[in-house]
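Here is what each chain is made of, one letter per residue.
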Amino acid sequence: MVEVSLFADILTLKEALEFDLMIQTEKDYMLTSCCCPVWIQMIRKLHPELLKKVPGSVSPMVACGRVVKRLVPGAITVFVGPCLAKKAEAREADVADAIDHVLTFKEVADLFEAARIDPADIPTDLREHSSFAGRIYAVSKGVSEAVAVTLDRIRPDKPIKVKAVQADGVPECKRLLDDLEQGKTTANFLEGMGCAGGCVGGPRSLIDRAVATAKVRDYAVQALYPTPIDNPYVVELLQRLGIRTIEELLEDQEVFARHL
Ligand code: SF4
């Protein structure tokens with residue numbers, strides 16, 4: 001079992017590097033986040049001209065599946081989460097190599113019940129795989145927060161900081177894109193999440209959104225590492241993939257990059 005927030009860490013690092021590259025003046029901006037297929041599809045369908053402002057990155061789910069298959073040849077990958085849209089994302093032609101099956105939390109709960117498995121009886125894995133940044137992805141505004149702290153960590157002297165605006169839920173995401181088109185926003189980092197509240201509000205979450213949000217925030221602040229660059233698992237994993245410096249992440253075209 002692998003915690004996908006480790007790959008949210010890596011993509012946070014990539015997004016921070018992309019921000020450093022793309023945002024050179026006060027007029028520049030970029031759109032995120034690669035983790036939400038609903039948001040990416042909205043941009044594709046409603047504002048395809050904006051795709052050039054979206055850094056070409058796969059989602060943490062796809063990154064995780066690809067890395068597992070590279071490091072463990074023959075592995076079958078199963079993604080588990082609260083999202084229904086991930087089932088369609090996993091079948092998109094250019095990323096279909098990553099994930100073999102997508103199960104929702106509800107489906108896993110049903111399987112556990114049928115097999116009489118109570119996860120509470122299973123020992124907890126206490127290894128720290130992810131930083132604060134990767135863990136906070138699951139809540140709305142989390143991607144912006146993750147990229148902002150990571151940018152400050154890797155480029156403390158960059159004069160232009162992350163100035164973010166976020167939308168969650170389809171109507172709000174649409175409004176954000178329309179505002180952008182009409183020049184009504186001065187933000188340089190635009191984050192969209194298809195579900196109200198972010199993934200904690202996903203359609204197959206098992207618990208109340210407010211409770212899930214509090215749990216994710218609590219889990220994030222308990223992380224040993226504040227940003228991906230402080231996380232030894234990120235550094236080790238990138239080296240195993242032949243990526244020796246963080247800047248080389250932007251050169252990668254096989255694992256983390258995507259042509260949108
Ligand atoms: S915000 Fe909703 S649609 Fe987007 S990835 Fe999360 S659960 Fe899926």
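So, a few notes on the structure that sits alongside this text. Computed from a prediction, not measured in an experiment: that's the story for all the values here. (Residues numbered from 1 in each chain as written. Predicted model: local features only at pLDDT ≥ 70, side-chain atom pairs only at ≥ 80, totals over all residues. Heavy atoms only, no water.)

Concerning the overall build of the protein chain
So, step 1. Helix and strand content of the protein chain: ten helices and five strands.
So, step 2. Rg of the C-alpha trace for the protein chain: 18 Å, near the compact-globule value of 18 Å for 260 residues, within the 12% margin.
So, step 3. In terms of overall dimensions, the protein chain has a C-alpha envelope of 55 × 40 × 35 Å along the principal axes.
So, step 4. The proportion of buried residues among the 260 residues of the protein chain is 47%.
So, step 5. Restricting to contacts in the protein chain with at least 6 residues of sequence separation, those with at least 24 account for 74%. (Helix = DSSP H or I, 4+ residues; strand = E, 2+ residues; numbered from the N terminus. Rg over C-alpha atoms; globule rule 2.2 N^0.38 Å. Buried < 20%, exposed > 50% of the residue type's maximum accessible area, 1.4 Å probe, protein only. Contact = heavy atoms within 4.5 Å.)

Topic: the packing of aromatic side chains
So, step 1. Tallied over the entire structure, the rule returns one aromatic pair.
So, step 2. Sitting over the ring of Tyr29, Lys53 keeps its end group 4.9 Å from the ring centre.
So, step 3. One Lys or Arg, Arg135, reaches over the ring of Tyr219 and ends 3.8 Å from the middle of that ring. (Phe/Tyr/Trp six-rings, centres within 6.5 Å; stacked < 30°, edge-to-face > 60°. Lys NZ or Arg CZ within 6 Å of the ring centre and 35° of its normal.)

Side note on the pattern of salt bridges
So, step 1. Applying the stated criterion across every chain, the model contains 22 salt bridges.
So, step 2. Residue Glu89 is joined to Lys86 by a salt bridge in which the shortest nitrogen-to-oxygen separation is 2.9 Å. In this pair, Glu89 and Lys86 are both assigned in helix 4 (residues 85–89), three residues apart and thus about one turn of the helix distant. Like Glu89, the residue Lys86 is buried in the burial classification.
So, step 3. With a shortest N-O distance of 2.5 Å, Glu92 and Arg258 are connected by a salt bridge. Residue Glu92 is found in the loop between helix 4 and strand 3 (101–104), and its partner Arg258 is found in the segment after helix 10 (232–240); the two are separated by 166 residues along the sequence.
So, step 4. Using a relative accessible area of 17% as the deciding quantity, one classes Glu92 as buried. (Salt bridge = Lys/Arg side-chain N within 4 Å of Asp/Glu carboxyl O.)

Quick word on the side chain of Arg135
So, step 1. In this structure, Arg135 sits in helix 6 (residues 132–135).
So, step 2. In this structure Arg135 comes out as buried when scored by relative accessible area, which is 5%.
So, step 3. Those residues in contact with Arg135, other than ones at most four positions away along the chain, are Glu3, Ser5, Glu128, Ser130, Val216, Tyr219, Ala220, Gln222 and Ala223.

Looking at the packing of helix 1 (residues 5–22) against helix 7 (residues 142–154)
So, step 1. At a closest axis distance of 9 Å, the pairing of helix 1 and helix 7 adopts a crossing angle of 65°. On the basis of their axis angle, the class for helix 1 and helix 7 is roughly perpendicular. Helix-helix and strand crossings are classified by hand; for helix 1 and helix 7 the assignment is right-handed. Contacts between helix 1 and helix 7 involve Thr12, Leu13, Glu15, Ala16, Leu17, Phe19 and Asp20 from the former and Ala146, Val147, Thr150, Leu151 and Ile154 from the latter. (Axes fitted to C-alpha atoms, helices over the stretch in contact; angles between N-to-C directions. Parallel < 35°, antiparallel > 145°, perpendicular 65-115°, else oblique. Left-handed = near helix turned anticlockwise from the far one by under 90°.)

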